[in-house]
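Per-entry structural report
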Amino acid sequence: MEEKIKYMSHQFEKKNFAFSDEQKRKFLLLYEMLVEKNKVMNLTGITKFPEVVEKHFLDSILLNRVADLNKPIKVIDVGTGAGFPGLPLKIAFPNLKITLMDSLNKRVVFLKEVINALELENIEAVHARAEELARDKKYRENFDLSVSRAVANLSTLQEYCIPFVKIGGHFISYKSGEIEEELQMSENACRILGGKVKQVYKFHLGEQKRSFVVIEKCKNSPKAYPRKAGTPLRQPL
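All values derive from a computational prediction rather than experimental measurement. Position numbers for residues start from 1 in each chain and track the written sequence from start to end. This being a predicted model, a pLDDT of at least 70 is required before a residue's local features are given, and a value of 80 or more before pairs of side-chain atoms are given or counted; all residues contribute to the totals for chains, interfaces and linings. With hydrogens and water set aside, each side-chain value is computed from the structure's full complement of heavy atoms.

With that settled, the discussion passes to the overall build of the protein. Runs of E in the DSSP output that reach at least two residues are strands. Runs of H or I that reach at least four are helices, and both are numbered from the N terminus. Within the protein one finds 10 helices and 7 strands. Taking 18 Å as the expected radius of gyration for a compact globule of 237 residues, we find that the protein reaches 17 Å, a close match to that expectation. Taken along the three principal axes of its C-alpha coordinates, the protein extends 50 × 35 × 30 Å. For every residue, the accessible area obtained with a 1.4 Å probe (protein chains only) is divided by the maximum for its type, and the residue is called buried under 20%, exposed over 50%, and partly exposed between those limits. Looking at the 237 residues of the protein, the share that counts as buried comes to 54%. Any two residues whose heavy atoms approach within 4.5 Å are treated as being in contact. Partitioning the intrachain contacts of the protein with sequence separation of at least 6 by distance along the chain shows that 70% fall at a separation of at least 24. Atoms counted for the radius of gyration: C-alpha only. Globule rule: 2.2 Å times the number of residues to the power 0.38.

Turning next to helix 7 (residues 154-161). Counting buried positions along helix 7 yields 8 of 8 residues, so the element is predominantly enclosed. By the burial criterion, the buried members of helix 7 are Leu 154, Ser 155, Thr 156, Leu 157, Gln 158, Glu 159, Tyr 160 and Cys 161. Between N or O atoms, a polar contact is any pair within 3.5 Å; within protein, one atom must be a potential hydrogen donor and the other a potential acceptor, and residues adjacent in sequence are included only when both atoms are from side chains. Of the residues flanking the start of helix 7, the one acting as N-cap is Asn 153, its side-chain oxygen 3.0 Å from the backbone nitrogen of Ser 155.

Attention now moves to the side chain of Gln 11. Inspection of the secondary structure puts Gln 11 in helix 1 (residues 2-14). Residues in contact with Gln 11, not counting those within four places in the same chain, are Val 53 and Leu 58.

Attention now goes to the sheet that holds strand 7 (residues 208-217). Through backbone hydrogen bonds, the strands of a sheet pair up, either in parallel or in antiparallel fashion. Whether two strands pair depends on DSSP finding at least two bridges between them. Across the sheet, 7 strands lie side by side as 3-2-1-4-5-7-6; this open sheet has mixed pairing. Of all the strands in the sheet, just strand 3 (123-127) and strand 6 (195-205) have a single pairing partner and so form its edges. With strand direction ignored, the average angle separating the axes of adjacent strands in the sheet is 20°. Judged from the 5 bridges that link them, strand 1 (residues 74-78) and strand 2 (residues 97-102) form a sheet pairing that is parallel. Its bridge partner being in strand 2, Val 75 is matched across the sheet by Ile 98. Relative to strand 3, helix 5 (residues 105-117) is tilted by about 165°, and along the sheet it contacts strand 2 and strand 3. Helix axes are fitted only over the stretch in contact, all axes being lines through C-alpha atoms; the angle between N-to-C directions runs from 0 to 180 degrees.

The geometry of helix 1 relative to helix 3 (residues 49-61) is characterised by a closest axis approach of 11 Å and an angle of 40° between their N-to-C directions. As summarised for this structure, helix 1 and helix 3 are arranged oblique, according to the angle between their axes. Our pair here, helix 1 against helix 3, has a crossing hand that is right-handed. Contacts between helix 1 and helix 3 pair Lys 4, Tyr 7, Met 8, Gln 11 and Phe 12 from the former with Phe 49, Pro 50, Val 53, Phe 57, Leu 58 and Ile 61 from the latter. Each residue gets one label: Ala, Val, Leu, Ile, Met, Phe, Trp, Tyr, Cys and Pro are nonpolar, Asp, Glu, Lys and Arg are charged, and the others, such as Gly, are polar. Here the residues of the contact of helix 1 with helix 3 are counted per class, giving 9 nonpolar, 1 polar and 1 charged. The labels follow the angle: roughly parallel below 35 degrees, roughly antiparallel above 145, roughly perpendicular from 65 to 115, and oblique for the rest. Each helix crossing is assigned a hand: it is left-handed if the near helix lies turned anticlockwise from the far helix by less than a right angle, otherwise right-handed if that turn is clockwise.

Put simply, a nonpolar core is a bunch of buried Ala, Val, Leu, Ile, Met, Phe, Trp, Tyr and Cys residues held in one set by side-chain atoms that sit within 4.5 Å of each other. Counting residues in each nonpolar core, the largest one holds 55 residues, and the members touching the most others are Met 8, Phe 12, Phe 57, Leu 63, Leu 87 and Ile 172. The greatest single-element share of this core, amounting to 7 residues, is contributed by helix 2 (residues 21-38). Ile 76, Ala 128, Ala 152 and Ile 215 belong to the second-largest nonpolar core, a separate cluster that totals 28 residues.

A separate point is unusual backbone geometry. A cis amide bond links Phe 84 to the next residue, Pro 85, at an omega of 15°. At the junction of Tyr 225 and Pro 226, the peptide bond is cis and its omega measures out at 0° in the coordinates. Among the secondary structure elements, Pro 226 is positioned in the loop between strand 7 and helix 10 (231-234). If you check the backbone angles, Glu 119 has positive phi at about 55° while not being a glycine. For Glu 119, the position within the fold is in the loop between helix 5 and strand 3. The backbone of Asn 122 sits at a positive phi, close to 55°, despite the residue not being glycine. Inspection of the secondary structure assignment puts Asn 122 in the loop between helix 5 and strand 3.

What follows is the structure, encoded as structure tokens:
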């Protein structure tokens, strides 16, 4: 345990993160719960501790390079899967008010177990599809920030995520590799949904090429969006 804490601390410090012992303990417990649950349920293909620290924990929290995460802003993590980036963001930046959303109930049950075990506050896990939840008045255009590490093209992700964001807020997509063509092909979706690309932040994480695509919400999303379940994926705007 001490060796893992020491290793993790060093990796965090290299990226200018300084966490309390309590925060480090929570990161380690998250890792242990993830690996244990992964034995009976497919949550992640990444289970070795150094890889989890780099590709799940650090990758998630490096969002602070493009967003002010020290304020008590409302964040929704769309298609959170095993809880990334939402859980590491909550551990690293406790002031955030986070909603974790996923369409698979088994994953949501796991997320609730983690939330309880880590004694996290102002965080919820919701079982829903983005196409349906984004039409709920409680959630629609009610967040300062929408984030997603889900694997989908940017046009589809924008239709899932931008309707959750209030005017003046942002949708930030976690992306890998070269994204110029994807950005170009998503311009129409961005315009229709009321967004504007504000910044593309590129960086390396280990050997990985990573990017944050920062989209500002400039006007209300039309009521027709998101379209019914499955359509954004099959027929991107």
